[in-house]
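Coordinate inspection notes
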Amino acid sequence: MSPRDPTTLDIEDDPQHYTVFPLALGQILRQYAVTELHLTLNAGNWNYDRWGYPEEKGVGTGAELWAWMGDAGTKTVDERWRGLRNALAGLFCASLGSLDELRTTSPPQSFVPEGNLPDWEASHQVRHASLPSEHVCTENLTPFLKLLPCKSLSGIASLLNPHRLFDADWHGMGVHVLWREDEGVEMRLTFQSVFDPLRSETERKQDWSIQSLFDRSIDRACPIAQTSNVIVSLPRNGVYSIEPDPSSIEGGLASFNVNSYEKPLNIRMIWHDPFIYPLEYHSDSTPFTVKRTLRGSSQAYGQLSVVITNEQPSTVHALYLETMPWLLQFYVHTLQARIDGVPRGGIISNLKYIPSVPHSRPTTFQVLLSLPPKSTVQLTMDVTKAFLRYTEHPPDAQRGWDLPPAIFTPVELVNNGSAFSVKDGRIYTSTLLVDLATPDFSMPYNVIIFTCSVIAFIFGTIFNLLTRRFVVVHLEATKS
């Protein structure tokens, strides 16, 4: 299977042979000529300081969708992008149809292809959109499991117990489809969760097992899977034991070949020392930490503040990307950079700014940052908050609007600093909640109720007079 050339959308598609690749997803990719696709649905905020880099870097809160598509044929990229998100919304029972032009941007430098792009005459374009208010639930997990060859009946996927997964400190699922020139189309289905054994165990012990985390064990291996491994990151402090014995240990990681163990398989880690905190694991730490806030109590003006701390002994370069809905507008001329509270130049370069269009296009703001070693950089920029029509407010208007997270991508300068190459990994900040000027929706409600009451009273009275039959009743004189 290979990506479909968008110039062939007007003719009948060539037949495709599907084995373990899900037909439902493959038909969508062929229908809209998608070369590369990445969809993530996450709940919670990923803690980079404690958990390090995630196995899958797409950990932004809510829903995030981005895809690379060829720009050719009778149907434009935007038309196919619209059809793609609506088809995925039906497949995964998610509100992906809300990722319309009000939230869609095209940042090719921050979202580079993870696979290869076919050598077509047409160029490729990327489309990206996020919906931070989207929540993950069982309705999304059920169609996700249907894409697996063995569903949730066997193998590692049998551990996906929704009652435990959605009770975790953080959880998220992802669908990634890309093309490798020498191998073909690759699909990767991921589900990440962060559990706290101390919170789930009544005895307040650090011991954990597959059974205690998922309330399930691996009863049988998936017969279709060629390899099935469970990887356990081993702590570097404390005295512990792990059962059963791992198949191999390398680089602080214990590997368990599911096919070679007796079933049911229940991996356990038992601590022999008293409570130890914090635990140190073999994990890759982030090169810097980010804190992002929206200041100001006014419903018309505010200030966006981003604080970046570089603990590395060398300078770190990173792309800073903001894709903000049009309801929050930037004043780029107020952008300031300070190092440890002192204004400094040379921090910001390669600025790219696409202003928003009210009711139509979001803001795209991207800069290249040079973070000095052992320092804290603070970026500030004034913003204005739009005044919405009363029909544009969400049902919970008093709560405010969720703003998507900012994205930092570590890069490496090449050609003496004239260009840069993107490294693996992205850092997502937490989402923001903006308070906009909100009308008093109770007043229209009171007016409607009062008007309806008056109309009902007048109509009832007139209708009663028109339809009632008046009869003169003669009363006989009573005898004394």
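Since the model is a prediction, treat every value here as computed from it, not as a measurement. (Residues numbered from 1 in each chain as written. Predicted model: local features only at pLDDT ≥ 70, side-chain atom pairs only at ≥ 80, totals over all residues. Heavy atoms only, no water.)

1. Things to note about the overall build of the protein chain
When helices and strands are counted, the protein chain shows 8 helices and 25 strands. For the protein chain, whose C-alpha radius of gyration is 29 Å, the value lies well above the compact-globule estimate of 23 Å for 480 residues. Its C-alpha atoms give the protein chain principal-axis dimensions of about 115 × 65 × 60 Å. Taking all 480 residues of the protein chain together, the buried fraction comes to 45%. Residue pairs at least 24 apart in sequence account for 72% of intrachain contacts in the protein chain once pairs closer than 6 positions are excluded. Total accessible area on the protein chain stands at roughly 25,700 Å², and carbon and sulfur atoms take up 52% of it. Charged side chains of the protein chain number 39 positive and 51 negative; the gap between the two group centres comes to 7 Å. (Helix = DSSP H or I, 4+ residues; strand = E, 2+ residues; numbered from the N terminus. Rg over C-alpha atoms; globule rule 2.2 N^0.38 Å. Buried < 20%, exposed > 50% of the residue type's maximum accessible area, 1.4 Å probe, protein only. Contact = heavy atoms within 4.5 Å. Areas by Shrake-Rupley, 256 points an atom, 1.4 Å probe, with all protein chains shown as cover. Lys, Arg positive; Asp, Glu negative; His and termini not counted. Charge placed at Lys NZ, Arg CZ, Asp CG, Glu CD.)

2. Looking at the domain arrangement of the protein chain
It is common to give the size of an interface as the accessible area lost on bringing the parts into contact. Once the domains are mapped, the protein chain shows domain 1 (1-195), domain 2 (199-274) and domain 3 (288-434). The C-alpha-based centres of domain 1 and domain 2 are spaced at 29 Å. Opposite the 18 residues of domain 1 that make contact, domain 2 presents 19 residues. Summed over both partners, the interface of domain 1 with domain 2 comes to about 1,500 Å²; 58% of that surface belongs to carbon and sulfur atoms. The interface formed by domain 1 and domain 2 includes 0 salt bridges. At the junction of domain 1 and domain 2, the tally comes to 6 residue pairs in polar contact (both at pLDDT 80 or more). (Domains from an automatic or database assignment. Buried area = accessible area lost by both parts, 1.4 Å probe. Salt bridge = Lys/Arg side-chain N within 4 Å of Asp/Glu carboxyl O. Polar contact = N/O pair within 3.5 Å; in protein donor to acceptor, adjacent residues only side chain to side chain.)

3. Considerations on the pairing of strand 11 (residues 268-271)
Here strand 6 (residues 208-209) runs beside strand 11; their pairing, made up of 2 bridges, is antiparallel. Among the inter-strand pairings, Ser 209 is bridged to a residue of strand 11, identified as Arg 268. In this structure, strand 8 (residues 240-243) lies alongside strand 11, joined through 4 bridges in antiparallel fashion. Directly across from Ile 242, in strand 11, lies its bridge partner Met 269. (Pairing = 2+ DSSP bridges.)

4. A short note on the UniProt feature "transmembrane region" (unreviewed entry) in the protein chain
Cross-referencing UniProt, the feature "transmembrane region" (unreviewed entry) maps to residues 445-466 in the present numbering. Taken end to end, residues 445-466 is 100% helix and 0% strand, and its first and last C-alpha atoms sit 31 Å apart. (UniProt positions renumbered as here; feature names shortened; annotations may be inferred.)

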